[in-house]
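The lines below spell out each chain.
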Amino acid sequence: MADEALIVIDVQNDFCPGGALAVAGGDEIIPVVNRLIQQSAHVILTQDWHPAGHSSLASSHPGKAPFATVTMPYGEQTLWPDHCIQGSPGAEFHPGLEWTTAELVVRKGFRRDIDSYSAFFENDHRTPTGLGGYLRERGIGRVTLCGLATDFCVAFSALDAVAQGFSASVVLDACRGIDLSGSLAAMTQRMRDAGVALI
C-alpha cells in the first residue's frame, strides 16, 4: 500500500542473544520481520546509536548499576548497560535482517544528554527525529511497527505515531519485550488505550 510504511525498530546485535542488552528471543523475530519487509512498499529502520559516555548508560553514573533509575531534566531515566555504541559491532543490524530495501534509517540516542526510545521523539517528548515530517511529506498516513523491544522502543514509537495523527499497528509476533518490572503488560495496555492496533 502506497500510503503505509513498515517501521522496523532496533533489530541490532546488542538487542539480540549474545548482545550487551539482549532481549530474550530477540533473534526469533527475524524471519517474521523479513517477511513483513518483503511485503512492504515503504520500509524504515531505526538504529540505536549512542556515543560512548551517553547519559543513559549506567557506566556514566558512578555507583549506579544497570536498570537503576535516575532523574534527568526530562524525567525519570532507566540506566542501561553500555550498548549500541556508535560504530561498534553491537550497533550493527543483525546479520539475518534483510534490510537493504529500507528507504530511511533513523538513528536515535545520539545526543549525549538525552535518551531516545521513540522513532519520532527524544525522551523529552519535544525534540523530533524528523520522521513525522518525512512520512507526511511522502503521503504516508499508516504505519506498522515491529522489532525490539515491545515495551520500550516499539511501544513509545507506536504511541507517538498515534499522537502525531498516524494510524498505527504493532505486529506482536515480530516483537519481543524486556519486561522490566511489569513494563510489558503496562505498555501493551497503554498502546491499546491509545488506539494502537495490536495484531
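In what follows, the structure referred to is the one given above.
What you see is a predicted model; the values in this text were computed from it and never measured.

The rules behind these values
- Residues numbered from 1 in each chain as written.
- Predicted model: local features only at pLDDT ≥ 70, side-chain atom pairs only at ≥ 80, totals over all residues.
- Heavy atoms only, no water.
- Helix = DSSP H or I, 4+ residues; strand = E, 2+ residues; numbered from the N terminus.
- Rg over C-alpha atoms; globule rule 2.2 N^0.38 Å.
- Buried < 20%, exposed > 50% of the residue type's maximum accessible area, 1.4 Å probe, protein only.
- Contact = heavy atoms within 4.5 Å.
- Areas by Shrake-Rupley, 256 points an atom, 1.4 Å probe, with all protein chains shown as cover.
- Lys, Arg positive; Asp, Glu negative; His and termini not counted.
- Charge placed at Lys NZ, Arg CZ, Asp CG, Glu CD.
- Core = buried A, V, L, I, M, F, W, Y, C linked by side-chain atoms within 4.5 Å.
- Pairing = 2+ DSSP bridges.
- Salt bridge = Lys/Arg side-chain N within 4 Å of Asp/Glu carboxyl O.
- Phe/Tyr/Trp six-rings, centres within 6.5 Å; stacked < 30°, edge-to-face > 60°.
- Lys NZ or Arg CZ within 6 Å of the ring centre and 35° of its normal.
- Axes fitted to C-alpha atoms, helices over the stretch in contact; angles between N-to-C directions.
- Parallel < 35°, antiparallel > 145°, perpendicular 65-115°, else oblique.
- Left-handed = near helix turned anticlockwise from the far one by under 90°.
- Nonpolar A, V, L, I, M, F, W, Y, C, P; charged D, E, K, R; others polar.

Q: Teacher, can you tell me more about the overall build of the protein here?
A: Within the protein, the secondary structure is distributed over four helices and eight strands. For a compact globule of 199 residues, the expected C-alpha radius of gyration is about 16 Å, and the protein comes in at 16 Å, within 12% of that figure. Across the 199 residues in the protein, those meeting the buried criterion constitute 52%. In the protein, once contacts between residues fewer than 6 apart in sequence are set aside, the share between residues at least 24 apart is 73%. When the accessible surface of the protein is totalled, it reaches about 8,700 Å², and 52% of it is carbon and sulfur. One way to put it: in the protein the 13 positive side-chain charges average out to a point 4 Å from where the 22 negative ones average out.

Q: I tried to follow helix H3 (residues 150-163) on my own but got confused; where do I start?
A: An α-helix turns once every 3.6 residues. As a result, residues three or four positions apart point the same way. Counting buried positions over the 14 residues of H3 gives twelve, a clear majority of the element. All of the buried residues along H3 are Thr-150, Asp-151, Phe-152, Cys-153, Val-154, Ala-155, Phe-156, Ser-157, Ala-158, Leu-159, Asp-160 and Ala-161. Lining the buried residues of H3 we find strand E1 (4-9), strand E5 (104-108), strand E6 (142-148), strand E7 (167-176) and helix H4 (183-194). In the segment just after H3, Gly-165 is the residue with positive phi, at about 95°.

Q: Could you clarify how one ought to interpret the nonpolar core in this entry?
A: Judged by nonpolar contacts, the single largest core of 55 residues is most densely connected at Val-8, Phe-120, Leu-135 and Leu-145. For this core, the secondary structure elements donating two or more residues are E1, helix H1 (30-39), strand E2 (43-48), helix H2 (131-137), E6, H3, E7 and H4. Take this core: its biggest share by element is eight residues, from H3. The residues contacting Leu-145, other than those within four sequence positions of it, are Ile-7, Ile-9, Val-154, Ser-157, Ala-158, Ala-168, Ser-169, Val-170, Val-171 and Cys-175.

Q: Where do I start with the sheet that holds E1 in this structure?
A: The strands that make up a sheet are held in pairs by hydrogen bonds between backbone atoms, and each pair lies either parallel or antiparallel. Sheet architecture is open: six strands sit in the order E5-E2-E1-E6-E7-E8, paired in parallel fashion. In the strand order of this sheet, the two ends are held by E5 and strand E8 (197-198), each with one partner. Pairing of E1 with E2 involves four bridges; the strand directions are parallel. Residue pairing in the sheet places Leu-6 in a bridge with Val-43 of E2.

Q: Looking at this model, I keep getting lost on the pattern of salt bridges. Mind explaining?
A: Pairing is possible between side chains that carry opposite charge, provided their charged atoms lie close to one another. Within this structure, the stated rule accounts for seven salt bridges. A salt bridge links Arg-176 to Glu-28; the nearest nitrogen and oxygen atoms lie 3.2 Å apart. In this pair, Arg-176 is assigned in strand E7 and Glu-28 in the loop between E1 and H1, connecting sequence segments 148 residues apart. Judged by its relative accessible area of 24%, Arg-176 falls in the partly exposed class. When salt bridges that share partners are traced, they join Asp-3, Glu-4 and Arg-142 into one network.

Q: What am I meant to see in the packing of aromatic side chains here?
A: Two measures describe an aromatic ring pair: the distance that separates the ring centres and the angle between the ring planes. Taken as a whole, this structure holds seven aromatic pairs when the rule is applied. By the ring-pair criterion, three or more aromatic residues cluster together here, those being Phe-67, Trp-80, Tyr-117, Phe-152 and Phe-156. Across the ring face of Trp-49, the terminal group of Arg-107 is positioned such that the distance to the ring centre comes to 3.7 Å.

Q: What am I meant to see in the packing of H3 against H4 here?
A: Helix-helix packing is described using two parameters, namely the angle between the two axes and the distance between the axes. Put simply, H3 and H4 touch, their axes get as near as 10 Å, and they point 15° apart. In terms of orientation, H3 and H4 fall into the roughly parallel class. In this structure, H3 crosses over H4, and the sense of that crossing is left-handed. In this structure, H3 uses Thr-150, Asp-151, Phe-152, Ala-155, Phe-156, Ala-158, Leu-159 and Val-162 to contact H4, whose residues at the interface are Ser-183, Leu-184, Met-187, Arg-190, Met-191 and Ala-194. For the contact of H3 with H4, the class distribution of residues is ten nonpolar, two polar and two charged.

Q: Would you take a moment to explain the environment of Glu-92 for this structure?
A: With respect to the helices and strands, the residue Glu-92 is situated in the loop between strand E4 (75-78) and E5. A relative accessible area of 44% places Glu-92 in the partly exposed class. Placed 79 residues apart in sequence, Glu-92 and Asn-13 show a C-alpha to C-alpha distance of 6.0 Å. If we ignore the near neighbours within four places in the chain, the residues touching Glu-92 are Gln-12, Asn-13 and Gln-47.

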